[in-house]
Number of protein chains: 2
Amino acid sequence: MAFGVIVKLMLNQEAAIDQLFHALAVPARRSMVERLSLGPASVTELAKPLAISLPAVVQHLEVLETSGLVRSEKTGRVRICRIEPSALRRTENWIAKRRSNLERCLDRLAKHLGEED
Amino acid sequence: MAFGVIVKLMLNQEAAIDQLFHALAVPARRSMVERLSLGPASVTELAKPLAISLPAVVQHLEVLETSGLVRSEKTGRVRICRIEPSALRRTENWIAKRRSNLERCLDRLAKHLGEED
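Heads up: these notes are all about the structure in this document.

1. Describing the packing of aromatic side chains
Residue and element names in this part refer to chain A.
Here is step 1 of the chain: Applying the stated criterion across every chain, the model contains 3 aromatic pairs over all chains.
Here is step 2 of the chain: Plain terms: the ring middles of Phe-21 and Trp-94 are 5.7 Å apart, the flat faces sit at 80 degrees to each other, and that makes the pair edge-to-face. Here the residue Phe-21 occupies a position in helix 1 (residues 3-24), and Trp-94 occupies one in helix 5 (residues 85-116), the gap between them amounting to 73 residues. With respect to class, Phe-21 is no different from Trp-94; both count as buried.
Here is step 3 of the chain: One cation-aromatic arrangement involves Arg-98 over Trp-94; the distance from NZ or CZ to the ring centre is 4.1 Å.

2. A closer look at the environment of Val63(A)
All names here are of chain A.
Here is step 1 of the chain: With respect to the secondary-structure elements, Val-63 resides in helix 4 (residues 54-67).
Here is step 2 of the chain: Residue Val-63 is classed as partly exposed on the basis of its relative accessible area, which comes to 23%.
Here is step 3 of the chain: Here the alpha-carbon distance between Val-63 and Glu-92, two residues 29 residues apart in the chain, equals 19 Å.
Here is step 4 of the chain: Residue contacts for Val-63: discarding those within four places in its chain leaves His-22, Ala-23 and Arg-29.

3. Examining the nonpolar core
Here is step 1 of the chain: Ranked by size, the top nonpolar core spans 52 residues in total, and within it Phe21(A), Val33(A), Leu46(A), Leu69(A), Phe21(B), Val33(B) and Leu69(B) carry the most contacts.
Here is step 2 of the chain: Other than its neighbours up to four places away in sequence, Phe21(A) contacts Thr91(A), Trp94(A), Ile95(A), Phe21(B), Leu24(B), Ala25(B) and Arg30(B).

4. What about the interface of chain A and chain B?
Here is step 1 of the chain: With 32 residues of chain A at the contact, the number on the chain B side is 32 residues.
Here is step 2 of the chain: Regarding the contact of chain A and chain B, the summed buried area is about 2,900 Å², with carbon and sulfur atoms giving 63% of it.
Here is step 3 of the chain: Summed over the shared surface of chain A and chain B, the number is 6 salt bridges.
Here is step 4 of the chain: The partner of Asp18(B) in a salt bridge is Arg30(A), and the shortest N-O contact between them spans 2.7 Å.
Here is step 5 of the chain: Joining chain A to chain B, the criterion identifies 10 residue pairs in polar contact (both at pLDDT 80 or more).
Here is step 6 of the chain: Broken down by secondary-structure element, the contributors of at least two residues to the side of chain A that touches chain B are helix 1, helix 2 (27-36) and helix 5 of chain A.
Here is step 7 of the chain: For the side of chain A that touches chain B, the class distribution of residues is 18 nonpolar, 5 polar and 9 charged.

5. Regarding the sheet that holds strand 1 (residues 41-42) of chain A
Residue and element names in this part refer to chain A.
Here is step 1 of the chain: Read from one edge of the open sheet, 3 strands run 1-3-2, paired in antiparallel fashion. Either end of the sheet is taken by a strand with one partner, and the two such strands are strand 1 and strand 2 (70-75).
Here is step 2 of the chain: Judged from the 6 bridges that link them, strand 2 and strand 3 (residues 78-83) form a sheet pairing that is antiparallel. Its bridge partner lying in strand 3, Thr-75 is registered against Val-78.

6. Focus: the relation of the copies chain A and chain B
Here is step 1 of the chain: Superposition record for chain A on chain B: RMSD 0.0 Å, screw rotation 180 degrees, translation along axis 0.0 Å. Classification of the inter-copy transformation places it as that of a two-fold axis. Within chain A, Phe21(A) has its C-alpha nearest the rotation axis, a separation of 2.6 Å.

7. Things to note about helix 1 of chain A
Here is step 1 of the chain: In this model, helix 1 of chain A (22 residues) spans 32 Å end to end at C-alpha, consistent with the 32 Å of a helix rising 1.5 Å per residue.
Here is step 2 of the chain: Taken together, the buried positions of helix 1 of chain A are occupied by Ile17(A), Asp18(A), Leu20(A), Phe21(A), Ala23(A) and Leu24(A).
Here is step 3 of the chain: Looking at the buried residues of helix 1 of chain A, the elements they touch are helix 2, helix 4 and helix 5 of chain A together with helix 1 (3-24), helix 2 (27-36) and helix 5 (85-116) of chain B.

8. A short note on the sheet that holds strand 1 (residues 41-42) of chain B
Residue and element names in this part refer to chain B.
Here is step 1 of the chain: Read across the sheet, 3 strands follow the order 1-3-2 without closing on themselves; strand pairing throughout is antiparallel. The open sheet has two free edges, formed respectively by strand 1 and strand 2 (70-75), since each of these has just one partner strand.
Here is step 2 of the chain: Inspection of the sheet shows strand 1 paired to strand 3 (residues 78-83) by 2 bridges, in the antiparallel sense. Along strand 3, the bridge assignment pairs Ser-42 with Ile-80.
Here is step 3 of the chain: Contacts from helix 4 (residues 54-67) reach strand 2 and strand 3, with the element oriented near 120 degrees to strand 2.

9. Focus: the pattern of salt bridges
Here is step 1 of the chain: Applying the stated criterion to the full structure yields 10 salt bridges over all chains.
Here is step 2 of the chain: Of the charged contacts in the structure, one is a salt bridge between Arg98(B) and Glu34(A), with a shortest N-O distance of 2.6 Å. Here the residue Arg98(B) occupies a position in helix 5, and Glu34(A) occupies one in helix 2, the pair thus bridging two chains.
Here is step 3 of the chain: With relative accessibility at 8%, the residue Arg98(B) sits in the buried group.
Here is step 4 of the chain: Salt-bridge contacts for Arg99(B) lead to Glu92(A); the nearest nitrogen and oxygen are separated by 2.6 Å. In this pair, Arg99(B) is assigned in helix 5 and Glu92(A) in helix 5, connecting two distinct chains. Across this residue pair, the class does not change: Arg99(B) and Glu92(A) are buried.

How each quantity is defined
Residues numbered from 1 in each chain as written. Chains lettered and ligands numbered in written order. Predicted model: local features only at pLDDT ≥ 70, side-chain atom pairs only at ≥ 80, totals over all residues. Heavy atoms only, no water. Phe/Tyr/Trp six-rings, centres within 6.5 Å; stacked < 30°, edge-to-face > 60°. Helix = DSSP H or I, 4+ residues; strand = E, 2+ residues; numbered from the N terminus. Buried < 20%, exposed > 50% of the residue type's maximum accessible area, 1.4 Å probe, protein only. Lys NZ or Arg CZ within 6 Å of the ring centre and 35° of its normal. Contact = heavy atoms within 4.5 Å. Core = buried A, V, L, I, M, F, W, Y, C linked by side-chain atoms within 4.5 Å. Buried area = accessible area lost by both parts, 1.4 Å probe. Salt bridge = Lys/Arg side-chain N within 4 Å of Asp/Glu carboxyl O. Polar contact = N/O pair within 3.5 Å; in protein donor to acceptor, adjacent residues only side chain to side chain. Nonpolar A, V, L, I, M, F, W, Y, C, P; charged D, E, K, R; others polar. Pairing = 2+ DSSP bridges. Least-squares fit on C-alpha atoms with pLDDT ≥ 70 in both. Expected span 1.5 Å × (residues − 1). Axes fitted to C-alpha atoms, helices over the stretch in contact; angles between N-to-C directions.

Given below as structure tokens:
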């Protein structure tokens, strides 16, 4: 693969992670993800527990769909939303990898301090 | 505990999670977290691989410190930054909980479809 193509792929991945974290940085959108983690729901169902207007919910839904965290499809007159498990996993993996790096680093430090005793 | 106090605590927790995801939604800040997951570093070391000015790095550092993800302290003339492992774990746990809800939901669905066969 050409170097330019690899760089472009990496930048795309970075942009995708930006959008995932950006999507999760707002309480209303996290509430929607929370609700959808229990199963698919219509836009009206998503709006019910939130103290915001339906158009605002639709806007949040657009951000969630752009990030890839949520998909929706219209069945008759109802739009049903569901979580995309792979996107949730990608976000979790990003953090888990840094956490495991950090733990290795702290382990090395503890070992080093132990050897000094 | 009074109801008002519990609601305030919950809102504080929500605001803290907002700040954690907001902090991670920008590539430069993720690079800094990535670097710090390998061990403590000075502000100059954090700036080195990034194609942005030192003042910009300091601004990103402030966002990371406000979120609780990073702590820094001045030793002589050098400011040393390190990750706060509990904040990283809190962010990971938030996602992991929703992922596990979702998996339970998908398992139930699979079982339900199996019973229908």
